[in-house]
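Coordinate analysis (summary)
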Amino acid sequence: GENVEQHPSTLSVQEGDSAVIKCTYSDSASNYFPWYKQELGKGPQLIIDIRSNVGEKKDQRIAVTLNKTAKHFSLHITETQPEDSAVYFCAADHGGYSTLTFGKGTMLLVSP
Amino acid sequence: SAVISQKPSRDICQRGTSLTIQCQVDSQVTMMFWYRQQPGQSLTLIATANQGSEATYESGFVIDKFPISRPNLTFSTLTVSNMSPEDSSIYLCSTTSGSAQETQYFGPGTRLLVL
């Protein structure tokens, strides 16, 4: 089955800095890679996703890159703000099936 | 995107009892999913619930412990049976939406503490 590794487990940055979270996956048939943000006491919220026919996708301060050959994808947050502080999860699908496998999460702390 | 609500939002239960969690979606959806998130951990899929068929359980989860109902296209329930402290977790439901039917949206979760 699919295995998703996520690093780092915790990340502390100063406000205005950039943050990068990296994930690797094992199933070469995976085609869909979403990223979720989970704030304390809330459910995961989809923030950006990418499909295997695209190498990069950007939405304002958030971007995701995908390298299918190396089986890794990354989340980039620029100009971080304290409200970006949360746990971020990457995930990968199972080759066209709707089920997702999640990484273990990264706790991002942005200090003012 | 689908708007999902869950009841209860949190509960404290005694060991040996059962709790039924409800998940309501604001639109008709084909697939609904139930996840468990243990304290400080990632999301683990319990089962996939499609309307009109039996739920499909992932390895390590069984119907006797986590019975699921899916009576219509907007609603599902998950029961946590014969609870023990190890069942203390956040239970999340989700559904797919969008043209590609890949994007999953999550409810706010049910926070369960078993004493």
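Residues numbered from 1 in each chain as written. Chains lettered and ligands numbered in written order. Predicted model: local features only at pLDDT ≥ 70, side-chain atom pairs only at ≥ 80, totals over all residues. Heavy atoms only, no water.

**A look at the interface of chain B and chain A**
Selection rule: Note on contacts: a residue pair qualifies if any of its non-hydrogen atoms lie within 4.5 Å across the two residues. Salt bridge criterion: a side-chain nitrogen from Lys or Arg within 4 Å of a carboxyl oxygen from Asp or Glu. Distance and chemistry together define a polar contact, namely a pair of N or O atoms within 3.5 Å, with one atom able to donate a hydrogen and the other to accept it when in protein, and with adjacent residues in sequence counting only for side-chain atoms on both sides. A run of H or I in DSSP becomes a helix once it reaches four residues, and a run of E becomes a strand once it reaches two; helices and strands are each numbered from the N terminus.
On the chain A side, the residues contacting the 21 residues of chain B number 18 residues. Linking chain B to chain A there are zero salt bridges. The interface formed by chain B and chain A contains seven residue pairs in polar contact (both at pLDDT 80 or more). Elements with a minimum of two residues in the side of chain B that touches chain A: β4 (31-37), β5 (44-50), β9 (89-97) and β10 (103-106) of chain B.

**A closer look at the sheet that holds strand β1 (residues 4-7) of chain A**
All names here are of chain A. Inclusion rule: A pair of strands is treated as paired once DSSP finds two or more bridges between them. Orientation is described by axes fitted as lines to C-alpha atoms, over the contacting stretch for helices, and by angles from 0 to 180 degrees between their N-to-C directions.
An order of β1-β3-β8-β7-β6 is seen for the five strands of this open sheet, with the pairing classed as antiparallel. Whereas interior strands pair on both sides, the edge strands pair on one side only; in this sheet they are β1 and β6 (56-59). Each strand of the sheet is rotated relative to its neighbour by a mean of 15 degrees, with strand direction disregarded. Sheet analysis places strand β7 (residues 62-67) next to strand β8 (residues 72-77), joined by six bridges and oriented antiparallel. Paired with N67 across the strands is H72, a residue of β8.

**Comments concerning the packing of aromatic side chains**
Going by this rule: In this analysis, rings of Phe, Tyr and Trp, with Trp reduced to its six-membered ring, are considered paired at centre separations within 6.5 Å, and the interplanar angle assigns stacked below 30 degrees, edge-to-face beyond 60, and tilted for intermediate values. Residue exposure (1.4 Å probe, protein chains only): buried if accessible area is under 20% of the type maximum, exposed if over 50%, otherwise partly exposed.
Applying the stated criterion to the full structure yields 11 aromatic pairs over all chains. Aromatic side chains A:F102 and B:Y35 sit 5.7 Å apart centroid to centroid with 90 degrees between the ring planes, which places their arrangement in the edge-to-face category. With A:F102 in strand β10 (residues 97-102) and B:Y35 in strand β4, this pair bridges two chains. Like B:Y35, A:F102 is buried. Each ring, one from B:F66 and one from B:Y91, has its centre 6.5 Å from the other, and the planes form 45 degrees; the classification is tilted. With B:F66 in the loop between β6 (56-57) and β7 (68-72) and B:Y91 in strand β9, this pair connects stretches of sequence that are 25 residues apart. Judged by relative accessible area, B:F66 falls into the buried class, the value being 3%. Taken together, the ring pairs connect A:Y25, A:F33, A:W35 and A:F73 into an aromatic cluster.

**Side note on the environment of A:E5**
Residues and elements named next belong to chain A. Mapped onto the elements, E5 comes out in strand β1. What makes E5 partly exposed here is its relative accessible area of 37%. As a C-alpha pair, E5 and G95 span 90 residues in sequence and 17 Å in three-dimensional space. The residues touching E5, leaving out its near neighbours within four places in the chain, are K22, C23 and T24.

**As for the sheet that holds strand β1 (residues 4-7) of chain B**
All names here are of chain B. Spatially, β1-β3-β8-β7 is the arrangement adopted by the four strands of the open sheet, whose pairing is antiparallel. The open sheet terminates on both sides in strands that have one partner only, identified here as β1 and β7. Each strand axis lies, on average, 20 degrees off the axis of its neighbour in the sheet, ignoring direction. As paired strands, strand β3 (residues 19-25) and strand β8 (residues 75-80) are joined by six bridges and run antiparallel to one another. Within β8, the position partnered with L19 by the bridge is V80.

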